[in-house]
Amino acid sequence: EQLCWLCLIICGQRCKHVFLWFVEQEKDPGFWKEWAQRTLKNALTLQDLNKNVAKNIILFLGDGMGVPTVTAARILKGQLNGQNGEETQLEMDKFPYVALSKTYNTNAQVPDSAGTATAYLCGVKANEGTVGVSAAAVKSQCNTTRGNEVTSILKWAKDAGKSVGIVTTTRVNHATPSAAYAHCVDRDWYSDGEMPDEALQNGCKDIARQLFENIPDIDVIMGGGRRSMYPRNTPDVEYPGEKKHNGTRKDGRNLVGEWTDRMKDKRGYYVWNKKDLFSLNPNNVDYLLGLFEPADLPYELERNKETDPSLTEMVDVAIKILQKNERGFYLLVEGGRIDHGHHDGKAKQALHEAVEMDRAITRAGLLTSIYDTLTVVTADHSHVFSFGGYTHRGNSIFGLAPIISDIDQKPFTSILYGNGPGFKLVNGARENVSTQNNYQAQAAVPLSMETHGGEDVAIFSKGPMAHLLHGVQEQHYIPHVMAYAACIEDSLCLLENNFVTYSIIRTNTKMTLLIRIHSTFFYFFLHLKSNTVYLTNM
């Protein structure tokens, strides 16, 4: 009775009925046995491995989405739907394969988002603070860039004839997306306005410029970052009266205008708000540049739903544009503000960002097929975020622990950070958070910004060759699996013996047999028609 009353207080009447149902069901051992048998039956189907060639590849990157964040987001998702939360499944939870990724940088035990992005996009570990360059490059030293550039899975896919896209809730020249196209020894060189004169004189390029010059025909780009694209002091189109949003470029270039001029005869469109985005018919768009804010997009909880698209909405448009290519596509999707919420000690913001990314994963799954689309969900690093305190079943994920400290006799938040802005003293003693209506998750060590965590992060995968993402792996392994699955770049993507390498590509209408003899490719189509096989040499 006390548990039911607790649930009623936390979740309301709807949760009370759900809770009572689970309490009664869970008393029966048969309930757990039947659940386990269903899970076992599904697991047995995984013996038939999906060895198709991946036509499409989608990487969902939850920036800062460590395992505790995944668990807490799962509970939040359930509670938003009126459930207890613990028994809920995220969409990523449904993926059949899970591995762990070791996230360290070449010079850092606890990594940053730049070095890790180089690992899971370019396939090589790198120094913290650098993007798209090997560990031979030194942070902020321009003259160590040349000769140390490394390319990404996005470029490999583009060179293979696939369409490619980037969707992020941060600025499009932030650490994660920039490793897909840029080669920069400093992740903070967003525009030339943020670069030292010495770097400019030595020929280094800012990241925004590289977005349009290194791979000039990226099919879809969506996120924030407008101010890095315009000349210094150019008023922003959405916030013309706010100088902090003005353009930052010193070279006087209008990168958006240059892109628009280049793409005007190629069915290319630039949009800066949700209305303009939704006015487009994806069937009539081949290239899309969407910059919806001067810097990062707002948190999902603070998003203006009339002017700014959600991550799910951007992913929906991106896939509909990219999937028109018969050769398939590669799409990088970043839930980038999970990380920002944690840094600010704002667990509520971080977890709602994670739930929104899970919605985007659901939408992508509805638009694609596991038979020809490899989908991977992972994180670049974790945070010093946890939750505990012996909370009761169904306790609000943002609530207090049900006990008080036996040291200072004060309550504490279930969610805790190892460090960050949540450390507060009042009259020399720990703050009594029960007196606060909108309290911040508490932290053990005072810092203006909470830090990353160094533990492994999860890799969820489904689709062709997803079973290769297993066990505990180095983070740089991820793009090599993707390349292998899609048969792109220099990946040993075919089944090999000493003399002949072969692979089967299946579609609804034909089966393609690829045979390689001593690195020379011969292509044959086995046309299946009226139960007769016709062999055609291309």
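Because the structure is predicted, anything quoted here is derived from the model rather than measured.

Cut-off values and rules
Residues numbered from 1 in each chain as written. Predicted model: local features only at pLDDT ≥ 70, side-chain atom pairs only at ≥ 80, totals over all residues. Heavy atoms only, no water. Helix = DSSP H or I, 4+ residues; strand = E, 2+ residues; numbered from the N terminus. Pairing = 2+ DSSP bridges. Axes fitted to C-alpha atoms, helices over the stretch in contact; angles between N-to-C directions. Parallel < 35°, antiparallel > 145°, perpendicular 65-115°, else oblique. Left-handed = near helix turned anticlockwise from the far one by under 90°. Contact = heavy atoms within 4.5 Å. UniProt positions renumbered as here; feature names shortened; annotations may be inferred. Buried < 20%, exposed > 50% of the residue type's maximum accessible area, 1.4 Å probe, protein only.

## Examining unusual backbone geometry
For Arg 267, which is not glycine, the phi torsion reads 55° and is therefore positive. Even without being a glycine, Gln 409 presents a positive backbone phi close to 60°. Residue placement: Gln 409 occurs in the loop between strand 11 (400-404) and strand 12 (411-413).

## Thoughts on the pairing of strand 11
For strand 11 and strand 12, the ladder comprises 2 bridges, and the chain directions are antiparallel. Bridge pairing links Ile 404 to Pro 411 in strand 12. A loop of 6 residues connects strand 11 with strand 12, the two strands running antiparallel in sequence, and Gln 409 in this loop sits at a positive phi of about 60°.

## Some details on the packing of helix 12 (residues 311-322) against helix 14 (residues 347-367)
The relative placement of two packed helices comes down to the angle between their axes together with the axis-to-axis distance. Close contact between helix 12 and helix 14 brings their axes to 8 Å; oriented N to C, the two are set at 25°. With respect to helix 14, the axis of helix 12 lies roughly parallel. For the pair helix 12 and helix 14, the sense of crossing is right-handed. Contacts between helix 12 and helix 14 involve Leu 311, Thr 312, Val 315, Asp 316, Ile 319 and Lys 320 from the first element and Glu 356, Met 357, Arg 359, Ala 360, Arg 363, Ala 364 and Leu 367 from the second.

## Quick look at the sheet that holds strand 7 (residues 329-335)
Overall, mixed pairing links the 10 strands, which are arranged 5-6-4-3-7-1-8-18-2-19 in an open sheet. The sheet terminates laterally at strand 5 (268-271) and strand 19 (472-474), the two strands that pair on one side only. Sheet twist, expressed as the mean angle between neighbouring strand axes with direction ignored, is 15°. As paired strands, strand 8 (residues 373-379) and strand 18 (residues 457-462) are joined by 4 bridges and run antiparallel to one another. Paired with Val 376 across the bridge in strand 18 is Ser 461. Against the sheet, helix 12 touches strand 1 (56-62), strand 3 (163-171), strand 4 (220-224), strand 6 (287-291) and strand 7, its axis set at about 175° to strand 7. Taken strand by strand, helix 15 (residues 477-486) contacts strand 1, strand 7, strand 8, strand 18 and strand 19, and its axis lies near 175° from that of strand 8.

## Re the UniProt feature "binding site: Mg(2+)" (unreviewed entry) in the protein chain
The positions UniProt marks with the feature "binding site: Mg(2+)" (unreviewed entry) are Asp 63, His 174, Thr 176 and Glu 334. The named residues occupy 272 residues along the chain; their greatest pairwise C-alpha distance, 11.3 Å, places them in one compact cluster. The residue His 174 is located in the loop between strand 3 and helix 7 (175-178) in this model. Relative accessible area serves as the criterion here: at 1%, Glu 334 is assigned to the buried category.

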